[in-house]
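Residues per chain, in single letters:
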Amino acid sequence: MSLYDHIDLRVKDLAKVRALYDVLLPAIGFSRLEEDGENVNYHLEAENRSQPFFGLMSDSQHRPNGTRIAFRAVSRDDVDRLADIARLAGARSLEGPEDYGGSPQYYAAFFEDVDGNKLEICFRE
């Protein structure tokens, strides 16, 4: 069972943020399936629309806040790989990847899209 059905992330400028999401989300396992000019939905499996999806919703009044969306990586190397992809695709304010301590050990990279939405890629050992 999946723990969520979908995420609808509001963005001020859909065209600008897609430079990041069109590269990062497929690297994580999402495939872009649906778009209508105002919204883009990235699904986990192209042929199965009942799978969880990550949506970008155009909202000219959007203002980022402190909410952060964290994507789970399968290894430390995967965090490094995805952080490099995010950086090359235009992520801003990239911190890490690095260890953040605790138990279990937490290895993560933090960054923002061009609209200021906070994102993270993490691996827990």
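Look up: the structure comes first, before these words.
All figures in this text were calculated on a predicted structure; none of them were measured in a lab.

Can you break down the sheet that holds strand β4 (residues 53–58) residue by residue, with the values?
In spatial order, the strands read β1-β4-β3-β2; together these 4 strands make up an open sheet with mixed pairing. In the strand order of this sheet, the two ends are held by β1 (6–11) and β2 (31–35), each with one partner. Mean inter-strand twist for the sheet, computed between neighbouring axes without regard to direction, equals 20°. Where strand β3 (residues 39–43) and β4 come together, 5 bridges link them in antiparallel fashion.

Break down the packing of aromatic side chains for me, citing the residues and quoting the values.
To describe a pair of aromatic rings, one takes the distance between the centres and the angle between the planes. Within this structure, the stated rule accounts for 4 aromatic pairs. Between the aromatic rings of Phe30 and Phe54, the centroid separation amounts to 6.4 Å while the plane-to-plane angle is 65°, which identifies the pairing as edge-to-face. Here Phe54 lies in strand β4 and Phe30 lies in the loop between α1 (14–28) and β2, a separation of 24 residues in the sequence. Residue Phe30 shares its accessibility class with Phe54, and that shared class is buried. Sitting over the face of the ring of Tyr107, Arg76 holds its NZ or CZ atom 4.1 Å from the ring centroid.

Please provide a residue-by-residue account of the packing of α1 against helix α2 (residues 76–88), values included.
Where α1 contacts α2, the two axes come as close as 9 Å, and the packing angle between them is 165°. Considering their axes alone, α1 and α2 lie roughly antiparallel with respect to each other. Of the two elements, α1 crosses α2, and the hand of that crossing is right-handed. Contacts from Leu20, Val23, Leu24, Ala27 and Ile28 of α1 reach α2 at Arg81, Leu82, Ile85 and Ala86. Along the lines of polarity and charge, the residues of the contact of α1 with α2 split into 8 nonpolar, no polar and 1 charged.

Could you give me a rundown of the side chain of Asp113, with the residues and numbers involved?
The topology assignment puts Asp113 in the loop between β7 (106–112) and β8 (118–124). Nearest to the buried, unbridged Asp113 among oppositely charged side chains is Arg92, at 7.5 Å. Within the local environment of Asp113, its side chain forms a polar contact with the side chain of Tyr21, the two groups lying 2.7 Å apart. Among the polar contacts made by the side chain of Asp113, one reaches the main-chain amide nitrogen of Asp115 at a distance of 2.9 Å. Non-local contacts of Asp113, meaning those with residues more than four positions away in its chain, are made with Leu9, Val11, Val17, Leu20, Tyr21, Arg92 and Leu119.

Give a detailed account of the sheet that holds strand β5 (residues 68–72), specifying residues and quantitative values.
Here we have 4 strands laid out as an open sheet, ordered β5-β8-β7-β6, and mixed in their pairing. Taken across any chain shown, the strands that pair with only one partner, and hence form the sheet edges, are β5 and β6 (92–99). Here the strands of the sheet are splayed against their neighbours by 15° on average, with no regard to which way each runs. Pairing of β6 with β7, which is carried by 4 bridges, proceeds in the antiparallel orientation. From the neighbouring strand, Glu95 faces β7, where its bridge partner is Phe110. Here α1 sits on the sheet and contacts β5, β7 and β8; the angle it forms with β8, its principal contact strand, is near 20°. Along the sheet face, α2 touches β6, β7 and β8 and points at about 10° away from the line of β7.

So, the environment of Leu56: which residues are in play, and what are the values?
Within the element layout of this structure, Leu56 appears in strand β4. Taking the relative accessible area as the measure of exposure, Leu56 reaches 0% and is therefore buried. Placed 33 residues apart in sequence, Leu56 and Ala89 show a C-alpha to C-alpha distance of 16 Å.

What counts and what doesn't
Residues numbered from 1 in each chain as written. Predicted model: local features only at pLDDT ≥ 70, side-chain atom pairs only at ≥ 80, totals over all residues. Heavy atoms only, no water. Pairing = 2+ DSSP bridges. Helix = DSSP H or I, 4+ residues; strand = E, 2+ residues; numbered from the N terminus. Axes fitted to C-alpha atoms, helices over the stretch in contact; angles between N-to-C directions. Phe/Tyr/Trp six-rings, centres within 6.5 Å; stacked < 30°, edge-to-face > 60°. Buried < 20%, exposed > 50% of the residue type's maximum accessible area, 1.4 Å probe, protein only. Lys NZ or Arg CZ within 6 Å of the ring centre and 35° of its normal. Parallel < 35°, antiparallel > 145°, perpendicular 65-115°, else oblique. Left-handed = near helix turned anticlockwise from the far one by under 90°. Contact = heavy atoms within 4.5 Å. Nonpolar A, V, L, I, M, F, W, Y, C, P; charged D, E, K, R; others polar. Lys, Arg positive; Asp, Glu negative; His and termini not counted. Salt bridge = Lys/Arg side-chain N within 4 Å of Asp/Glu carboxyl O. Polar contact = N/O pair within 3.5 Å; in protein donor to acceptor, adjacent residues only side chain to side chain.

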